[in-house]
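Notes for the structure review
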Amino acid sequence: MTQKLTLIATTAMGLEAVAARELNDLGYNDLKVENGKIIFSGDPIDLCRSNLWLRTVDRIRLRVGYFKAVTFDSLFEQTKALPWADLLPEQAQFPVTGKSHKSVLHSVPDCQAIVKKAIVESLKQHYHKEWFQEDGPMYKIQVALDKDQVTLSIDTSGDGLHRRGYRRLHNEAPLKETLASAMILLSRWTPNQPFVDPFCGSGTLPIEAAMIGQNIAPGFNRSFVSESWPIIDSTCWTRARDEVESKANYDQPLMITGSDIDHNMIELSEHNAQEAGFSGLITFKQMQVADFTTKSKYGCMLGNPPYGERMGSEQQIRDLCRSLGRLFKTNKTWSFYFISSYAQFESDFGRPASKKRKLYNGRIRTDFYQYFGKKYSD
C-alpha cells in the first residue's frame, strides 16, 4: 500500500495543542487541528510511527471517507462508493460504531446499520460473494456525524494508546497515561533535572517521565490491531520499531522519585516500573508530602494530589494545598505542577499560579496549576 493516507489522531479535550506539538516534533507539519483530534497525512509507515511514538493521543484512525449527508439514502450511496475492498480483505471483521452531533441523521443505530449494509454491498460487488464470514483481521469502523458532515474511519490502534503495557495493576483513581505525559510535556522538566511526584499512586507520572527522559516510545512494549492488516507491509512495522530502538537513549541518567503516604502504592509503583523496564532507575519511597526535602537547587515537582472523593474532608484538601504552598515557598528555584478539580487550590496554596490550563482527567474537569521557579541553568 503506497498511496497517501489521511490519519486522525484523537485526543482528550484540551490536549490537542500538545498532541500537535508531538506530531510536529515527529516531522509532520501539515496538520489540521480540531476539537478532540488532529488530522494529518502520511504513508503506511507513518501510521506505524504515530501509533508507536505519540504519548498524548488516544488512538490513530484511518480516514476512509468524508462527505455531507442529510438523508439515509445519501449516507448509503456515498458509503458504498468508497473503495472498501482496497482496505478490507475478504475475511475481515468490520463492526461499525457511531456517534452524531448536531446532525439531521441523529439516530446512531440507524446510521451504523446503513453504513454496515453499504460496506457489505460494496464488498459483494468486488468479491462476488453474498455472505462474509468475518473471521479474519479486525477493522473497527466508525461513522461520525458532526453538523451533517460524515467521517468514516477505521481504528488502527486496537487498545487505546494509553495502554502502554506496563500498568496491568493500578490504584482506584489512576491518572491516564496520556494525560500524565501531557502534564510532563507541558512542564519545564528536562531529563537532567530531578523529577518528584509526591502522590505517585501506581507510578504513572514517574514511569512516563522516565520514558520521555530516555526518549523511549510509549508503544514499544505493545501490539496494534493494524499489525495484522495485509494492506500494510510488515516491513513498515519492522522499520518503525527499528527506529524506536535506535532513538532510545538508555544511557540517559535519571533523577526520578515517586513517593506516596500509602506503602501499598509504593509496592504497586515498583511493580509497574519493573514491568516498564525501569527497575532500579526510579526511586520510590513511602513519605508524606510535608516531609519533602532536597539538596538539589533546581527541580520539578509534578503531581495529582488527592481531591474530592479521594479524600475524607475539605479540610484535609485545604491542609494538603497549604503544605504544597509551603514547599514552593522554601524551594524557590523548583517548579511545581499540580492537576486538581479543587476550586480553591490557588487560595489555599497561597498564591496564584504562574499559568493555569483546563484539562480533563477522564470526565472530571480539572485545572493544571503551573508554578514556575527561577529558570533552570547549568
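Thresholds, definitions, all that
Residues numbered from 1 in each chain as written. Predicted model: local features only at pLDDT ≥ 70, side-chain atom pairs only at ≥ 80, totals over all residues. Heavy atoms only, no water. Pairing = 2+ DSSP bridges. Helix = DSSP H or I, 4+ residues; strand = E, 2+ residues; numbered from the N terminus. Axes fitted to C-alpha atoms, helices over the stretch in contact; angles between N-to-C directions. Contact = heavy atoms within 4.5 Å. UniProt positions renumbered as here; feature names shortened; annotations may be inferred. Phe/Tyr/Trp six-rings, centres within 6.5 Å; stacked < 30°, edge-to-face > 60°. Lys NZ or Arg CZ within 6 Å of the ring centre and 35° of its normal. Parallel < 35°, antiparallel > 145°, perpendicular 65-115°, else oblique. Nonpolar A, V, L, I, M, F, W, Y, C, P; charged D, E, K, R; others polar. Buried < 20%, exposed > 50% of the residue type's maximum accessible area, 1.4 Å probe, protein only. Salt bridge = Lys/Arg side-chain N within 4 Å of Asp/Glu carboxyl O.

**Comments concerning the sheet that holds strand β1 (residues 5–10)**
Spatially, the 7 strands line up as an open sheet ordered β2-β3-β1-β4-β7-β6-β5, and their pairing is mixed. The sheet is open, and its two borders are formed by β2 (32–34) and β5 (96–101), each paired with just one other strand. Taking the axes of each pair of neighbouring strands and ignoring which way they run, one obtains an average angle of 30° across the sheet. The sheet contact formed by β1 and strand β4 (residues 59–68) spans 5 bridges and is antiparallel. Note on β4: the bridge partner recorded for Thr6 is Arg63. Sitting on the sheet, helix α3 (residues 72–80) touches β4 and β7 (149–155), and the angle it makes with β4 is about 120°. Along the sheet, helix α4 (residues 108–127) contacts β5, β6 (141–146) and β7; its crossing angle with β5, the most-contacted strand, is approximately 135°.

**Points about the UniProt feature "domain: THUMP" (unreviewed entry) in the protein chain**
The UniProt record marks residues 46–156 with the feature "domain: THUMP" (unreviewed entry), using the residue numbering of this structure. Span residues 46–156 is 33% helix and 26% strand, its end C-alpha atoms 12 Å apart.

**Observations regarding the packing of aromatic side chains**
The full count for this structure, using the stated rule, is 18 aromatic pairs. The interplanar angle of 50° and the centroid separation of 5.4 Å between the aromatic rings of Tyr28 and Phe40 together place this pair among those described as tilted. Placement of the pair is Tyr28 in the loop between α1 (16–25) and β2 and Phe40 in strand β3 (residues 37–42), with a sequence separation of 12 residues. By the ring-pair criterion, three or more aromatic residues cluster together here, those being Phe199, Phe328, Phe336, Phe338, Phe345, Phe349, Tyr369 and Tyr371. The residue whose ring lies beneath Lys116 is Phe94, and the NZ or CZ to ring-centre distance is 3.7 Å.

**Quick look at the packing of α1 against helix α5 (residues 177–186)**
α5 packs onto α1 with a crossing angle of 75° between their chain directions and a minimal axis gap of 10 Å. Classified by the angle between their axes, α1 and α5 sit roughly perpendicular to one another. Of the residues in α5, those in contact with Val18, Arg21 and Glu22 of α1 are Ala182, Leu185 and Leu186. Residue composition of the contact of α1 with α5, grouped by class: 4 nonpolar, no polar and 2 charged.

**Things to note about the pairing of β7**
When you tally the buried positions in β7, you get 6 out of 7 residues, the bulk of the element. Where β4 meets β7, 7 bridges bridge the pair, whose relative direction is antiparallel. Opposite Arg61, over in β7, you have Asp155 as the bridge partner. The pairing of β6 with β7 spans 6 bridges and is antiparallel. Each bridged residue has a counterpart across the sheet, and for Leu145 the counterpart in β7 is Val150.

**A closer look at the pattern of salt bridges**
Scanning all chains against the criterion turns up 18 salt bridges. Among the salt bridges present, the one from Lys37 reaches Glu34, with a minimum N-O distance of 3.6 Å. By relative accessible area, which is 26% here, Glu34 ends up partly exposed. Between Lys129 and Glu90 there is a salt bridge, and its shortest N-O distance comes to 3.2 Å.

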